[in-house]
Each structure stands twice: as structure tokens, then as C-alpha cells.
Amino acid sequence: MPLRPLGFGTLFTGSFQVLRRNPRPTFGAALLLVGLVQILSLAIVLGPTIWGLERVLRASPEDSAAIEIGNTALTIVASLFAVALSLVASALLQGLIVIEVSRATLGDKLTMGQLFRRGRGRWGALIGWTALLSLALVAAIVILVAVVALMISVGETAGLVGGVILGIGGGLGMLVLAIWIGIKTALVPTAIVLERLPLRASVARSWRLTGGRFWRTFGILALITVIVQTASSAVATPFSIAAGLGIGLVNPAQDETTALIAVGVLYVVTIIVTIVVGAIGAVLLSAATGLVYIDARMRDEGLDLDLQRFVEERAAGRDGPDPYQERAAQGLDGAAPSPQVPFTGTVA
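(A) Layout of the overall build of the protein chain. The number of helices and strands found in the protein chain is 12 helices and two strands. Listing each helix as α and each strand as β along the protein chain from the N terminus yields α-α-α-β-α-α-α-α-α-α-α-α-α-β. For the protein chain, the share of sequence-separated contacts (at least 6 apart) that also reach a separation of at least 24 residues comes to 77%. Summed over all atoms, the accessible surface of the protein chain reaches about 18200 Å², with 71% contributed by carbon and sulfur.

Structure, rendered in C-alpha cells:
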């Protein structure tokens, strides 16, 4: 990547180059984390569900209602645990990719272990921010649904109409607000990991860096999201159609074993495709966020000059401060950063 302010095309293509340049710690880490989340989530949710169904089938009629309530509560808890696991994996992956992008600008090629070590001390804050953002979104949705349900249940015709209007209008308004806040805080994880700032200072940092760049940031992230979703559909649809046709040709009444095998193969293929496409999409979005952050600092703070100076001094055998943490170490955003992590990488 050139050490100068980046155009929209460079931001877009640079996100894809991350996969090609150092695939093992980027796509490999994404595949590992996404795959683990998919498999563990499936086991966490499917296990209690099957166990609960067996209990219901064995229960007496007078006990079945209580057992079904317990099974529902257990399934909800298991689903929440699976969601929490997904949040942790998402935060870790975003931090790893951001670190890889930042070191790639300096010509460094790090292993997965080195990426994890460079993020040491920041993973907790990164997971906390991801969880906080998700909880805020869930709380807003729950409040809106509760208010709409209350209006519909308490009022008659007027309450029903008002609830529907509030539900549609509130849902659209919440979507717009969520997108706006999501873009304004899109660089928070990057500031947490690269500048090692506290959470509050990282939010202020992201808010300032995205000032005047809302549509630019929204455009690159939205474009990559659309491409990933389109590619996911294009890859998954042929498998679904072929498997559906194959299963349709099998008569379960005549060959139950073959039908079960066909259904199992379809499910496994769907999971594999979901994991691979999800891993690629996660890497691309995280890389795009890191590049947007670097571009914003190049334009506002002359980070490109700091990066060039760092590369030149290192080529001359002199070790300088991390260019991404240098301004934070000088008290940027009014907050003291975490201790800097010395560089231990391999120069590409």
C-alpha cells in the first residue's frame, strides 16, 4: 500500500490484497474463529434442544407443560451463550486483521502468534466494546417492541394503528440511527488496538476521525458488504438447488438411510460454505476499517510522513517508537495509552 492518502479504489482493492498478501494469519485465523463459532454454537444450541425434546417425549401429560417451559428457558440461555461466543470471536478477528493491516503498511509480515502478542492487553477492551455495542442495539429493539406491544394491547383501534405506525417509523428511524452510530464508531476497535487508548478516548477518536468522512466510510463498508453477501448467495445457491433436487429424487419411504445421508450432506456443505464465505467477509470488512482509519490519519495528521520516517530509520538500523502509538504517547485525546508493545515481526 502506498504511504500517502488513499483513494476510494485503493481502499477497496487494498481490502482484498490483505487476503492475498498474508493469507495464513488472516484467512487462516478467520477460518479458525468462524469455524469454531459455528461448530460450538451448533453444539451449544442443538444439544439442549435434542435433550429437551427427549424429556418432553418421555414426560407424563401433567409434567409436559413445565418441562417445555424449562426447555425454552434452557434454549434461550444456550442461544445467548452462542451469541456471546460469536461476539468474542468477532472482536478478536477484527483486532488481528487491523494489526496485520497496520504492519503491512511498514512492510512487515507477522505470524498469527505475533499478531496475538501485539494485541496483548487490548483484547479485553475490544471484546467489551463489541459487547457494549451489541447490548445497546438489543436494548433499543426490546424497548421499541415493548412499547409497540403495550400500545396494541392497551388501546383498541387507535392503539393498534398507533402501534403499527410507531413500529414502522421507529424501526426505520432505529435503522438509520444504528447505521449512523455504527459508522461514527467504526474506528473504535482500531483505536483500541493500534493506539492502545482507553474505551472512552477511543470513541472520541473514532468520532473525530470520521468527521467529514461519513459517506466515504459508509460507501466502502457498504460496498464490501454487498459484494460479500452477493458472493455468498451466488456460491450457496447452486449447492442448495443441486442438493434439493437430489433429495427430491429420493423417496424416504423406500430408502430412509439414503434420504438421511442426503440431508446430512446438504447440511454439512451449507455449513462449510457459510464458514468460508463468512471468514472472507469478516477479513474484508475488518481490513477496510483498518485502511479507512489509516487514510483518515494520513489526511488529518500526516501519518504517512510518520510511517515513512519509521521505515527509513529502521532501514538505517535505528529503532523508533511505533508510529501508530506515537501521538497517543504524546497525550492525544487527553488520555494516557497503555504501554507500547515492542515490535517483534519479520520484515517482508
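(B) Here's a closer look at the environment of Leu32. Turning to its location among the elements, Leu32 is positioned in helix α2 (residues 23–58). In the structure, Leu32 is positioned 247 residues away from Ala279 in sequence and 8.5 Å away in space, judged by C-alpha atoms.

(C) Seen up close, the nonpolar core. Counting 52 residues, the largest nonpolar core has Val101, Leu194, Ile220, Tyr293, Ile294 and Tyr324 as its most contacted members. Contributing elements (two or more residues each) for this core: α1 (8–21), α2, α3 (61–104), α5 (123–154), α7 (188–194), α9 (214–248), α10 (256–301) and α11 (303–315). Among the elements that line this core, the one with the most residues is α10, at 14 residues. Beyond its immediate sequence surroundings of up to four residues, Tyr293 is in contact with Leu187, Thr190, Leu194, Glu195, Leu209 and Tyr324.

(D) Spotlight on helix α6 (residues 157–184). Relative to the 40 Å expected for 28 residues at 1.5 Å per residue, α6 spans 40 Å between its end C-alpha atoms, a close match to the ideal helical length. Residues of α6 that are buried: Gly159, Gly162, Gly163, Met174, Ile183 and Lys184.

(E) Structural view of the side chain of Asp322. Mapped onto the elements, Asp322 comes out in the loop between α11 and α12 (326–329). On the basis of relative accessible area, Asp322 is assigned to the buried category, the value being 10%. Here the side chain of Asp322 touches Tyr324 through a polar contact of 2.8 Å, landing on its backbone nitrogen.

(F) Representation of unusual backbone geometry. A positive phi angle, close to 55°, is found at Arg196, a residue other than glycine. Considering the arrangement of structural elements, one finds Arg196 in the loop between α7 and α8 (199–209). The exposure class assigned to Arg196 is buried, which follows from its relative accessible area of 3%.

(G) Just the packing of aromatic side chains, in detail. One pass over the structure, following the stated rule, counts six aromatic pairs. Centroid distance Trp180 to Trp207: 5.3 Å. Interplanar angle 90°. Geometry classified as edge-to-face. Taken together, the residues span a long stretch of sequence, with Trp180 in helix α6 and Trp207 in helix α8 at a distance of 27 residues. By relative accessible area, Trp180 is classed as partly exposed at 38%. Cluster of aromatic residues (ring-pair linked, three or more members): Phe214, Trp215 and Phe218.

(H) Structural detail: a nonpolar patch on the surface. Taken together, the side chains of Leu31, Val268, Ile272, Val276 and Ile280 make up a nonpolar region of the molecular surface, amounting to roughly 350 Å² of accessible area. Along the chain, Val268 falls in helix α10.

(I) Examining the packing of α5 against α6 more closely. Here α5 crosses α6 at 165°, and the two axes come no closer than 8 Å. If you check the angle between α5 and α6, you find them roughly antiparallel. Considering how the two elements wind past one another, α5 and α6 form a crossing that is right-handed. Contacts between α5 and α6 pair Leu137, Ala140, Ile141, Leu144, Val147, Val148, Met151 and Ile152 from the former with Gly159, Leu160, Gly162, Gly163, Leu166, Gly167, Gly170, Gly171, Met174 and Ala178 from the latter. Split into classes, the residues belonging to the contact of α5 with α6 amount to 12 nonpolar, six polar and no charged.

(J) Local environment of the pattern of salt bridges. Following the criterion strictly, the structure yields 13 salt bridges and no others. A salt bridge links Asp300 to Arg213; the nearest nitrogen and oxygen atoms lie 2.6 Å apart. With Asp300 in helix α10 and Arg213 in the loop between α8 and α9, this residue pair connects regions lying 87 residues apart in the sequence. The network of salt bridges with common partners includes Arg103, Asp108, Arg118, Arg314 and Asp322.

(K) Region of the structure containing α8. Of all the residues in α8, the buried ones are Ala201, Ser202, Arg205, Ser206 and Leu209. Buried positions in α8, seen along its axis, are confined to an arc of 135° and lie on one side of it.

(L) Structural detail: the side chain of Thr210. For Thr210, the location among the structural elements is in the loop between α8 and α9. Look at Thr210 and you get buried, because its relative accessible area is 1%. Reaching out from Thr210, the side chain makes a polar contact with the side chain of Lys184 at a distance of 3.4 Å. A polar side-chain atom of Thr210 sits 3.3 Å from the main-chain carbonyl oxygen of Trp207. Ignoring anything within four residues of it in the chain, the contact list for Thr210 reads Ile183, Lys184 and Leu187.

About the cut-offs
Residues numbered from 1 in each chain as written. Predicted model: local features only at pLDDT ≥ 70, side-chain atom pairs only at ≥ 80, totals over all residues. Heavy atoms only, no water. Helix = DSSP H or I, 4+ residues; strand = E, 2+ residues; numbered from the N terminus. Contact = heavy atoms within 4.5 Å. Areas by Shrake-Rupley, 256 points an atom, 1.4 Å probe, with all protein chains shown as cover. Core = buried A, V, L, I, M, F, W, Y, C linked by side-chain atoms within 4.5 Å. Buried < 20%, exposed > 50% of the residue type's maximum accessible area, 1.4 Å probe, protein only. Expected span 1.5 Å × (residues − 1). Polar contact = N/O pair within 3.5 Å; in protein donor to acceptor, adjacent residues only side chain to side chain. Phe/Tyr/Trp six-rings, centres within 6.5 Å; stacked < 30°, edge-to-face > 60°. Patch = residues over 30% accessible without salt bridge, like charges linked within 9 Å, V, L, I, M, F, W, Y side chains within 5 Å. Salt bridge = Lys/Arg side-chain N within 4 Å of Asp/Glu carboxyl O. Axes fitted to C-alpha atoms, helices over the stretch in contact; angles between N-to-C directions. Parallel < 35°, antiparallel > 145°, perpendicular 65-115°, else oblique. Left-handed = near helix turned anticlockwise from the far one by under 90°. Nonpolar A, V, L, I, M, F, W, Y, C, P; charged D, E, K, R; others polar. Arc of directions from axis to C-beta.

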